[in-house]
Structures are given as structure tokens and as C-alpha cells.
Amino acid sequence: MTERLDEHKIKYAVDTDKEAEDICRWAAARAGVIVVAPVVGTMTLMANEVYMITRLAKLRGIKLSESAVLGLLGSLGGAFVGQTLATLIPFAPVQIPVGMSVTYAVGKVANAWLEAGCPEDLSAFKTTYEEARIEGIKMLGELKNMARISRWAMKAVALRWMTIRRQIKRSTICCVR
């Protein structure tokens with residue numbers, strides 16, 4: 001397994017660790033946007049994570065089956081329960097950090113799992129998950145500072161999403177009648 005990874009690095013002259021980090025960060029950024037989308041948030045978040053894991057595997061020159069990806073995600077079931085609940089809470093300041101940090105942590109675990117040769121026992125990656133989730137929350141703080149998002153702007157975004165959700169609920173209710 002290590003030989004294959006080394007050959008892949010030499011062949012493509014890519015800093016695999018940096019690329020993997022970029023893939024995880026981009027997926028987390030997408031999750032921050034996806035998580036506040038009414039109705040489609042949960043399924044789209046899962047699709048985002050499957051895409052991220054597939055890209056990480058391709059980066060390392062590993063061909064993963066669909067069942068392997070789903071098995072990895074299934075083993076991190078607790079993460080999805082929390083993320084799913086976050087999509088149901090209509091409050092962006094809660095949704096965004098949870099969506100971003102969980103996606104980032106899943107990416108870091110997937111990367112470590114791929115690097116370790118895709119072992120069946122994932123218990124060794126629980127610490128990786130927790131550390132990466134905390135790092136993902138810190139990353140969100142850095143993004144807030146970089147963008148200089150004020151509390152007023154966050155409230156405006158949350159208010160706008162609540163308005164959109166109300167409009168969707170009203171249109172759904174009207175269609176049902």
C-alpha cells in the first residue's frame with residue numbers, strides 16, 4: 001500500500017497532504033452553505049461527503065467501491081445524527097458550524113483511513129475525528145475573522161432564511177389544501 005502511495009506522489013508530483021487538506025476545507029465550506037438550504041440540506045450534505053471521500057481516494061490512487069464509502073460513513077453514524085439535527089434547526093449560527101465541522105472531521109478521518117490502507121476497524125480514528133471536528137470549529141472562527149462577518153450580518157442571514165422557510169411552508173400548505 002505504501003509503495004503505491006509513493007509511486008502516486010512521484011508520478012503526479014503533488015503534495016498529497018496539502019491537496020487532501022484543500023479537499024476537506026472545500027467540502028466543509030460547501031457544507032456551510034448546504035446546511036442552511038431548506039428541505040434538501042441533509043441529502044445534499046451526504047452527497048457532499050461522498051464526493052469528498054471519493055476525491056480523497058482518487059488523490060491517493062485508490063479506487064473505492066460505493067459500499068466502502070457508505071461503510072465508512074455508516075461507521076461514523078453519530079456524526080450524521082448530529083448533522084441531520086443541525087439541518088432541522090432553523091438557525092444559521094448553529095447550522096453552519098455543525099455542518100462545517102462535521103464535514104471537515106469526516107474528511108480528515110477518511111484521509112487518515114485511506115492513508116492507513118482502509119482498515120476495517122475504525123476505532124483508531126475516533127480521536128482523529130474529535131480533533132478534526134474541533135479544528136473545523138476553529139477554522140470557522142478564522143473564516144469569520146477573514147470575512148469580518150458581524151453579528152448583525154449573521155442575524156440578517158438567519159432572518160432571511162427563516163423568511164424563505166416560511167414562504168416555502170406557506171406554499172406547501174397552500175398546495176395541500
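The structure under discussion appears in the preceding block.
Residues numbered from 1 in each chain as written. Predicted model: local features only at pLDDT ≥ 70, side-chain atom pairs only at ≥ 80, totals over all residues. Heavy atoms only, no water.

Undergrad: Help me out: how do you make sense of the overall build of the chain in this one?
TA: Each helix and strand in the chain was counted, giving 8 helices and 0 strands. Put simply, the chain runs from its N terminus to its C terminus through helices and strands in the order α-α-α-α-α-α-α-α. The buried share among the 177 residues of the chain stands at 37%. Taking contacts inside the chain between residues at least 6 apart in sequence as the whole, the part at least 24 apart equals 75%. Counting every atom, the chain has about 10700 Å² of accessible surface; 62% of that belongs to carbon and sulfur. (Helix = DSSP H or I, 4+ residues; strand = E, 2+ residues; numbered from the N terminus. Buried < 20%, exposed > 50% of the residue type's maximum accessible area, 1.4 Å probe, protein only. Contact = heavy atoms within 4.5 Å. Areas by Shrake-Rupley, 256 points an atom, 1.4 Å probe, with all protein chains shown as cover.)

Undergrad: Can you walk me through the nonpolar core in this structure?
TA: The tendency in soluble globular proteins is for nonpolar side chains to be buried side by side. Counting 29 residues, the largest nonpolar core has M52, I53, L56 and V106 as the members making the most contacts within it. Among the secondary structure elements, those contributing two or more residues to this core are α2 (16–34), α3 (41–59), α4 (66–75), α6 (92–115) and α7 (126–147). Per-element accounting of this core gives the leading share, 9 residues, to α6. If we ignore the near neighbours within four places in the chain, the residues touching L56 are A20, I23, C24, G107, A110, N111 and L114. A31, L45, I96 and L140 belong to the second-largest nonpolar core, a separate cluster that totals 9 residues. (Core = buried A, V, L, I, M, F, W, Y, C linked by side-chain atoms within 4.5 Å.)

Undergrad: Hey, could you run me through a nonpolar patch on the surface in this one?
TA: Together, I89, F91 and V94 line one region of the surface with nonpolar side chains, adding up to about 230 Å² of accessible area. Summarising the element assignment, V94 is placed in helix α6. (Patch = residues over 30% accessible without salt bridge, like charges linked within 9 Å, V, L, I, M, F, W, Y side chains within 5 Å. Salt bridge = Lys/Arg side-chain N within 4 Å of Asp/Glu carboxyl O.)

Undergrad: How should the packing of α2 against α6 be read in this particular structure?
TA: As a packed pair, α2 and α6 sit with axes 8 Å apart at the nearest point and diverge in direction by 155°. Accordingly, the angle class assigned to the pair α2 and α6 is roughly antiparallel. Note on packing geometry: the crossing formed by α2 with α6 is right-handed. Where α2 approaches α6, its residues D17, A20, E21, C24, R25, A27, A28, A29, A31 and G32 are matched on the opposing element by I96, G99, M100, T103, Y104, G107, K108, N111 and E115. The residue inventory of the contact of α2 with α6, partitioned by class, reads 9 nonpolar, 5 polar and 5 charged. (Axes fitted to C-alpha atoms, helices over the stretch in contact; angles between N-to-C directions. Parallel < 35°, antiparallel > 145°, perpendicular 65-115°, else oblique. Left-handed = near helix turned anticlockwise from the far one by under 90°. Nonpolar A, V, L, I, M, F, W, Y, C, P; charged D, E, K, R; others polar.)

Undergrad: Which parts of the structure should I look at to understand the pattern of salt bridges?
TA: Once the charged atoms of two side chains with opposite charge are near each other, the side chains can pair. Tallied over the entire structure, the rule returns 6 salt bridges. E21 is paired through a salt bridge with K108; the nearest N and O atoms lie 2.7 Å apart. Of this pair, E21 sits in helix α2 while K108 sits in helix α6, and the two are 87 residues apart along the sequence. The shortest N-O distance in the salt bridge between E130 and R133 comes to 2.4 Å. Of this pair, E130 and R133 are both found in helix α7, 3 residues apart, which corresponds to roughly one turn of the helix. Taking the relative accessible area as the measure of exposure, R133 reaches 24% and is therefore partly exposed. Salt bridges sharing partners connect three or more residues here, namely D17, R60 and E115.

Undergrad: Teacher, can you tell me more about α4 here?
TA: Residues lying three or four places apart along an α-helix face the same way, a consequence of the helix completing one turn every 3.6 residues. Three or more residues of α4 are buried, namely V69, L72 and L73. Buried residues in α4, looked at end-on, bunch into an arc of 95°, giving them a common side. Turned more than 90 degrees from where α4 packs its buried face, S67 and G74 sit exposed. (Arc of directions from axis to C-beta.)

Undergrad: Looking at this model, I keep getting lost on unusual backbone geometry. Mind explaining?
TA: Residues apart from glycine generally show negative phi values, whereas peptide bonds are mostly found in trans. Here the phi dihedral of C118 falls at roughly 60°; this positive angle occurs in a residue that is not glycine. With respect to the element layout, C118 can be found in the loop between α6 and α7.

Undergrad: Before we go on, may I ask you to explain the environment of A20 in this structure?
TA: Positionally, A20 belongs in helix α2. In this structure the C-alpha to C-alpha distance between A20 and A112, which are 92 residues apart in sequence, comes to 10.0 Å. Excluding its chain neighbours within four sequence positions, the residues that come into contact with A20 are L56, L59 and N111.

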